[in-house]
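This is what each chain is made of:
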Amino acid sequence: MPAYRSPSRRLRRSRGALLAGALASTAALILAGTGTAVAAPPAPDEPVRSGHAWMGAGTRIEQGPASTGGVTPMDTSGVQGIDVSHWQGAINWGSVKAAGIDFAYMKATEGTTYKDSRFSANYTGSYNAGLIRGAYHFARPDVSNGATQANYFASGGGGWSKDGKTLPGVLDIEHNPYGAMCYGLSTTQMRTWINDFYNTYKARTTRDAVIYTTANWWNTCTGSWTGMAAKSPLWVAHWGTSSPNIPSGFPTWTIWQYSATGRVAGVSGDVDRNKFNGSFARLQALANNTA
């Protein structure tokens, strides 16, 4: 026979459970408001789930986790930026701006079916805080052609408007975090894929897509292709150095991702740190398409 529990005791237990749940929910909201991350990216020895890659997920494989911290002291001079995805959780963009960050890029899409869960909040929040911001697409050349992904990106957050606050979209193409380094494509096929993405994105937005990559990946997987050097601004990723290696064909870098373990007020935990190669006026010119 089950033990008897008085109605008043059951009521006390129910109220206690409700109170505990309410306190937990309140704590979660407070933490979200201060920029506490929801979760950390997978450790280097753990697989990345499809759709959950981030800018640098493949770079980490290529350059190694030991290089993520950059050099000491890091080059925090000049025009500084960050790039984020859902892995950073809720961000206090006002604090980011007050910390001296001038621009931010956030993940919008990946492949043909994934949209970052924090994109809308990041895109709007950074704009309202006064940052110049833009969106990036994590390329998956193994799942569709470049034109299909450019259309998906342009429709999913990668558009552009001449408002002084919106940077051109980024094609994030790097070491495959899900498998073969070059996504199973030959150098000729990869060149075609990138060119198709570029042409389609420009037709949709009028802007040249920025290319995020590393010297090693680009030289290996495109065969040191020089065909994009006169068309796309380069965002080079090279951690743990005082001067980045540049992929073949590109005359210089426009943005340099120099650390994957930076810290910025308003963001809990690690965040990618970037430097713009020029003055703030030149950054505004890039946003306005007057560069």
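Draft legend 1. Local environment of the pattern of salt bridges. Under the definition given, this model contains five salt bridges. With its nearest N and O atoms 3.1 Å apart, the salt bridge here joins Asp142 to Arg140. Judged by its relative accessible area of 36%, Asp142 falls in the partly exposed class. Here Asp270 and Arg263 are joined by a salt bridge, their closest N and O atoms 3.1 Å apart. By relative accessible area, which is 37% here, Asp270 ends up partly exposed. By relative accessible area, Arg263 is classed as exposed at 58%.

Draft legend 2. Highlighting the packing of helix H5 (residues 146–155) against helix H6 (residues 187–205). Contact geometry of H5 with H6 gives a least axis separation of 7 Å together with a crossing angle of 35°. Of the two elements, H5 crosses H6, and the hand of that crossing is right-handed. Taken together, the residues of H6 that come into contact with H5 (itself represented by Gly146, Ala147, Gln149, Ala150, Asn151, Phe153, Ala154 and Ser155) are Trp193, Asp196, Phe197, Thr200, Tyr201, Arg204 and Thr205. Grouping the constituent residues of the contact of H5 with H6 by class yields seven nonpolar, six polar and two charged.

Draft legend 3. Quick peek at H6. Over its 19 residues, H6 runs 27 Å from end to end, which matches the ideal 27 Å to within 8%, given 1.5 Å per residue. Met190, Trp193, Ile194, Phe197, Tyr198, Thr200, Tyr201 and Thr205 are the residues of H6 that are buried. Against strand E4 (132–138), H5, strand E5 (170–172), strand E6 (210–213) and helix H7 (215–221) lie the buried residues of H6. Of the residues trailing H6, Thr206 is marked for its positive phi of about 75°.

Draft legend 4. Layout of the state of the cysteines. Scanning the entire structure with this criterion turns up one disulfide. Residue pairing for Cys182: its cysteine sulfur links by disulfide to Cys221, the two sulfurs lying 1.9 Å apart. In this structure the cystine formed by Cys182 and Cys221 twists about its S-S bond by roughly -75°; its chirality is therefore left-handed. Separated by 39 residues along the polypeptide, Cys182 in the loop between E5 and H6 and Cys221 in helix H7 bring together distant segments of the chain. Classification of Cys182 as buried rests on a relative accessible area of 15%. Accessibility expressed as a relative area gives 1% for Cys221, which makes it buried.

Rules and cut-offs
- Residues numbered from 1 in each chain as written.
- Predicted model: local features only at pLDDT ≥ 70, side-chain atom pairs only at ≥ 80, totals over all residues.
- Heavy atoms only, no water.
- Salt bridge = Lys/Arg side-chain N within 4 Å of Asp/Glu carboxyl O.
- Buried < 20%, exposed > 50% of the residue type's maximum accessible area, 1.4 Å probe, protein only.
- Axes fitted to C-alpha atoms, helices over the stretch in contact; angles between N-to-C directions.
- Helix = DSSP H or I, 4+ residues; strand = E, 2+ residues; numbered from the N terminus.
- Left-handed = near helix turned anticlockwise from the far one by under 90°.
- Contact = heavy atoms within 4.5 Å.
- Nonpolar A, V, L, I, M, F, W, Y, C, P; charged D, E, K, R; others polar.
- Expected span 1.5 Å × (residues − 1).
- Disulfide = S-S within 2.5 Å.

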